[in-house]
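As a plain string of letters, each chain reads:
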Amino acid sequence: CFFGFALFQEMEKLIVCVRKRPDALCRLICFPWAGGGTLQLAQWGKLFSDSIEVFCIRFPGRETCLMEPFAKDMTSIVNEVSNVLLKELKEKPFAFFGHSFGSYVSFAVALHLKEKYGLEPVHLFISGGHAPHSEGFLAVKSLPVSDAKDEEILAHLQILGGTPSELLHNEDIRKQMVLTFREDFRVLQTFLFEKAEMDIPFSCDITCFNGSDDKVYDVQAWKELTSGDTSSYKLPGGHFYLLEPSNESFLTKHITRCIENAGI
């Protein structure tokens, strides 16, 4: 059963699950931000009840996949995540949570699963992200990251927060972070989503979370992407509001409630 072993290896590489819950009713698949790893969101596995098992996606080029080439484009990430997770996603209900870059990857994966396999999350949780057909998203995509100097990117990352300052004192870590952010941003720029005039891609509910001090996101545009309900919450803090323990507590409780109310 070589194929089964190969798939297991791919799973171990792509997915971090710190608390396995084989009897969970639903899986929450988390997608981290640009330049980010699985450290924070994977730990959510300890915060949820037994009814929810948390998987965190590990993008190539970081952590235990440091020696692997970065993804070339959004399509290759979407295909890899979909192929590796397909059996799990068919097995029981699932929800997606993505922050910033992760929100766009989670949307792209959800879209692919719906179009190709007729699978849909029971709920899409979007954090710090524009709707992918909105003006806001086009503005993000056009940021001149590829031409920016390392120092400029580093300054931008420090303003956004989300990285422990002690890590930024290490030159090798700084270089790797800037490289990873650049590569993730390059992937983001390859993501094209044209909303057809009449086509509403999803029927699941969508909830948007944002930091109150972060830039304004076009929540209205998300309503055009589902026939389900959409709601939004502003939590105290900037772009990385979700790292505050009180906000993390709100998020995990609210996500649990939404999943339990999805009638699984």
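For clarity, every value in this text was computed on a predicted model and none was experimentally measured.

Enquirer: Quick question: what am I supposed to make of the nonpolar core here?
Expert: Soluble globular proteins tend to bury their nonpolar side chains together. With 57 residues, the main nonpolar core has Phe31, Ile57, Leu85, Phe96, Phe107 and Leu124 as its most contacted residues. The leading source of residues in this core is helix α4 (residues 101-117), at nine residues. If we ignore the near neighbours within four places in the chain, the residues touching Phe31 are Leu41, Ile57, Phe59, Val81, Phe96, Phe97, Gly98, His99, Gly102, Val105, Ser106 and Val109. Listed in part, the 24 residues of the second largest apolar core include Cys26, Leu28, Tyr241 and Ile259.

Enquirer: So what exactly am I meant to see when it comes to helix α3 (residues 74-91) here?
Expert: The α-helix advances 3.6 residues per turn, and as a result positions three or four apart in sequence lie on the same side. The end-to-end C-alpha distance of α3 is 25 Å, a good match for the 26 Å that 18 residues give at a rise of 1.5 Å each. Bending of α3 peaks at approximately 60° at the position of Leu85. Buried within α3 are the following residues: Met74, Ile77, Val78, Val81, Ser82, Val84, Leu85, Leu86, Glu88 and Leu89.

Enquirer: Just checking my understanding: could you explain the side chain of Glu53 for this structure?
Expert: Residue placement: Glu53 occurs in strand β3 (residues 52-57). For Glu53, the side chain forms a polar contact with the main-chain nitrogen of Arg21, separated by 2.7 Å. Beyond its immediate stretch of four places on either side in the chain, Glu53 contacts Cys17, Arg19, Lys20, Arg21, Pro22, Ala24, Cys26, Arg27 and Leu28.

Enquirer: What exactly am I supposed to notice about the pairing of strand β2 (residues 26-31) here?
Expert: A regular strand carries its side chains on alternate faces of the sheet. Burial analysis of β2 places six of its six residues in the buried class, the great majority of the element. Of the two faces of β2, the one lined by Cys26, Leu28 and Cys30 and the one lined by Arg27, Ile29 and Phe31 are each fully buried. Examined bridge by bridge, β2 and β3 share five bridges and lie parallel to one another. Bridge assignment links Arg27 to a residue of β3, and that residue is Glu53. Here five bridges tie β2 to strand β4 (residues 94-99), and the two strands are oriented parallel to one another.

Enquirer: Help me understand the packing of helix α6 (residues 150-160) against helix α8 (residues 171-189) in this model?
Expert: Axes are the key here: two packed helices are described by the angle between their axes and the distance separating the axes. One way to put it is that α6 packs onto α8 with a least axis distance of 10 Å and a crossing angle of 90°. In terms of orientation, α6 lies roughly perpendicular with respect to α8. For the pair α6 and α8, contact is made by Asp150, Ile153, Leu154, His156 and Leu157 and by Arg174, Met177, Val178, Phe181 and Arg182, respectively. A breakdown of the residues in the contact of α6 with α8 according to their chemical character gives six nonpolar, one polar and three charged.

Enquirer: What exactly am I supposed to notice about the environment of Gly61 here?
Expert: Among the structural elements, Gly61 can be located in the loop between β3 and α3. Here Gly61 falls in the buried class, since its relative accessible area comes to 0%. In sequence terms Gly61 and Val105 are 44 residues apart; their C-alpha atoms lie 16 Å from each other. Once residues within four sequence positions are removed from consideration, Gly61 is found in contact with Leu66, Glu68, Pro69, Phe70, Gln176 and Thr180.

Procedures and definitions
Residues numbered from 1 in each chain as written. Predicted model: local features only at pLDDT ≥ 70, side-chain atom pairs only at ≥ 80, totals over all residues. Heavy atoms only, no water. Core = buried A, V, L, I, M, F, W, Y, C linked by side-chain atoms within 4.5 Å. Buried < 20%, exposed > 50% of the residue type's maximum accessible area, 1.4 Å probe, protein only. Helix = DSSP H or I, 4+ residues; strand = E, 2+ residues; numbered from the N terminus. Contact = heavy atoms within 4.5 Å. Expected span 1.5 Å × (residues − 1). Bend = angle between axes of the 7 residues up to and from the residue. Polar contact = N/O pair within 3.5 Å; in protein donor to acceptor, adjacent residues only side chain to side chain. Pairing = 2+ DSSP bridges. Axes fitted to C-alpha atoms, helices over the stretch in contact; angles between N-to-C directions. Parallel < 35°, antiparallel > 145°, perpendicular 65-115°, else oblique. Nonpolar A, V, L, I, M, F, W, Y, C, P; charged D, E, K, R; others polar.

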